[in-house]
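# Structural description and commentary
Listed below, chain by chain, are the residues.
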Amino acid sequence: MPGVPEDDADPEPDPEPDPTPSNSSQSSGSGSPMPGVPETKGPKPAVESGGESCEAPEHDDEEEETHELTTAFTVDALTHLENPAHVVSEARAWSDWIGVVGDVDAPTMNTFLRRKEIDIDFFNGAAGPQDRLARVAREGSAFHSDRLVLVGVQGQEELTTDQDWEFEELESTAAEAGWTVK
């Protein structure tokens, strides 16, 4: 068996470890290399914590990052598309954040997203779609951008009422973007 010494074989002493780092493999507890595991652990962190805090370092000299566009789709809009995963992937090219909202519970939303292989940044979960859109629209939200666009089907315009979101109807958006609607 590989890795198990034969009874009649003389055990060899472990060789001295090489002080120079190697990217080929890392040694296991027995001293034998582990394929595919690099010896080095990558570059040193920018800030050594010393074990005192897990907080991110503060950078006074960096400008605050601004985001130009957050796009959200309604679940209804995605179900009307021939290939919703492709549409969301394409929208990622021009959006900083992508989300999905709808009047469905969190397990149903997760199942739909997983089955369709749709990768998003946020969804409404237990909160209703209007509540989630309102929270994203707040200045301090992680998904806030200068422009907020909701792509939905006809009759869903009310989701953006009293919000900072623009409503774009799926049919016209799909025609302009070249997306196939079922």
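Residues numbered from 1 in each chain as written. Predicted model: local features only at pLDDT ≥ 70, side-chain atom pairs only at ≥ 80, totals over all residues. Heavy atoms only, no water.

## Regarding the pattern of salt bridges
Oppositely charged side chains may form a pair once their charged atoms are brought near each other. Quick note on the threshold: We count a salt bridge whenever a side-chain nitrogen from Lys or Arg sits within 4 Å of a carboxyl oxygen from Asp or Glu. Strands are runs of DSSP state E lasting at least 2 residues, helices are runs of H or I lasting at least 4, and numbering of each runs from the N terminus. Each residue is assigned to one of three classes by its accessible area relative to the maximum for its type, calculated with a 1.4 Å probe on protein chains only: buried under 20%, partly exposed between the two thresholds, exposed over 50%.
Inspection of the entire model under this criterion finds three salt bridges. Here Asp131 makes a salt bridge to Arg135, at a shortest N to O gap of 3.3 Å. Here Asp131 and its partner Arg135 are both found in helix α4 (residues 129-137), four residues apart, which amounts to about one turn of the helix. Accessibility expressed as a relative area gives 38% for Asp131, which makes it partly exposed. Linking Arg147 and Glu166 is a salt bridge whose minimum nitrogen-to-oxygen distance equals 2.8 Å. Taken together, the positions of Arg147 in strand β6 (residues 147-152) and Glu166 in strand β7 (residues 165-169) put the pair 19 residues apart, joining distant regions of the chain. Residue Arg147 is classed as partly exposed on the basis of its relative accessible area of 38%. The partly exposed category is assigned to Glu166, whose relative accessible area is 31%.

## Focus on α4
Defined as follows: The directions considered for the arc are those from the helix axis to the C-beta atoms.
Inspection of α4 places Pro129, Arg132, Leu133, Val136 and Ala137 among the buried residues, and these make up the whole buried set. All buried residues of α4 lie within an arc of 140° about the axis, which places them on one face of the element.

## Looking at the packing of aromatic side chains
Let me state the cut-off plainly: Here the aromatic set is Phe, Tyr and Trp, taking the six-membered ring for Trp, and pairing holds for ring centres within 6.5 Å; pairs whose planes are under 30 degrees apart are stacked, those over 60 apart are edge-to-face, and all others are tilted.
Using the criterion set out here, one finds three aromatic pairs in the structure. Ring centres 6.1 Å apart and planes at 55° place the aromatic pair Phe73 and Trp179 in the tilted group. One end of the pair, Phe73, is in strand β3 (residues 69-74); the other, Trp179, is in the segment after α5 (170-177), with 106 residues separating them in the sequence. With respect to class, Phe73 is no different from Trp179; both count as buried. Their ring planes at 85° and their centres at 5.2 Å tell us that Trp97 and Phe143 sit as a pair that is edge-to-face. Here Trp97, found in strand β4 (residues 97-101), pairs with Phe143, found in the loop between α4 and β6; they are 46 residues apart in sequence, far enough to count as distant. Taken together, Trp97, Phe122 and Phe143 form an aromatic cluster joined through their ring pairs.

## Some words on the side chain of Ser141
Using the following cut-off: Between two residues, a contact is recorded if the distance between any of their heavy atoms is within 4.5 Å.
Considering the arrangement of structural elements, one finds Ser141 in the loop between α4 and β6. In this structure Ser141 touches Arg135 and Val136, once residues within four positions along its chain are discounted.

## Description of helix α2 (residues 84-92)
The complete set of buried residues in α2 reads Pro84, Val87, Val88 and Ala91. Here the buried residues of α2 occupy an arc of 95° about the axis, which is enough to place them on one side.

## A short note on the nonpolar core
Keep this limit in mind: Put simply, buried Ala, Val, Leu, Ile, Met, Phe, Trp, Tyr and Cys residues joined by side-chain atoms within 4.5 Å make one nonpolar core.
Membership of the largest hydrophobic core comes to 22 residues, with the highest contact counts inside it found for Phe73 and Leu78. Among the secondary structure elements, those contributing two or more residues to this core are β3, α1 (75-79), α2, β4, α3 (106-115), β6 and α5. Here Leu78 is in contact with Phe73, Pro84, Val88, Val100, Phe112 and Ile118, once residues within four sequence places are set aside. Counting residues in hydrophobic clusters, the runner-up holds 12 residues, among them Val136, Ala137, Phe143 and Leu159.

## Some details on the pairing of β3
Going by this rule: Strands are labelled as partners when DSSP assigns at least two bridges between them.
When you tally the buried positions in β3, you get six out of six residues, the bulk of the element. Burial of β3 is two-sided: the residues Leu69, Thr71 and Phe73 facing one way and the residues Thr70, Ala72 and Thr74 facing the other way are all buried. Relative to β6, β3 runs parallel, the two being bridged by five bridges. Bridged to Thr71 within β6 is Val149. Bridge count for β3 against β4 is five bridges, and the pairing is parallel. Paired with Phe73 across the two strands is Val100, which belongs to β4.

Scope: geometric values only; no functional claims are made or implied.
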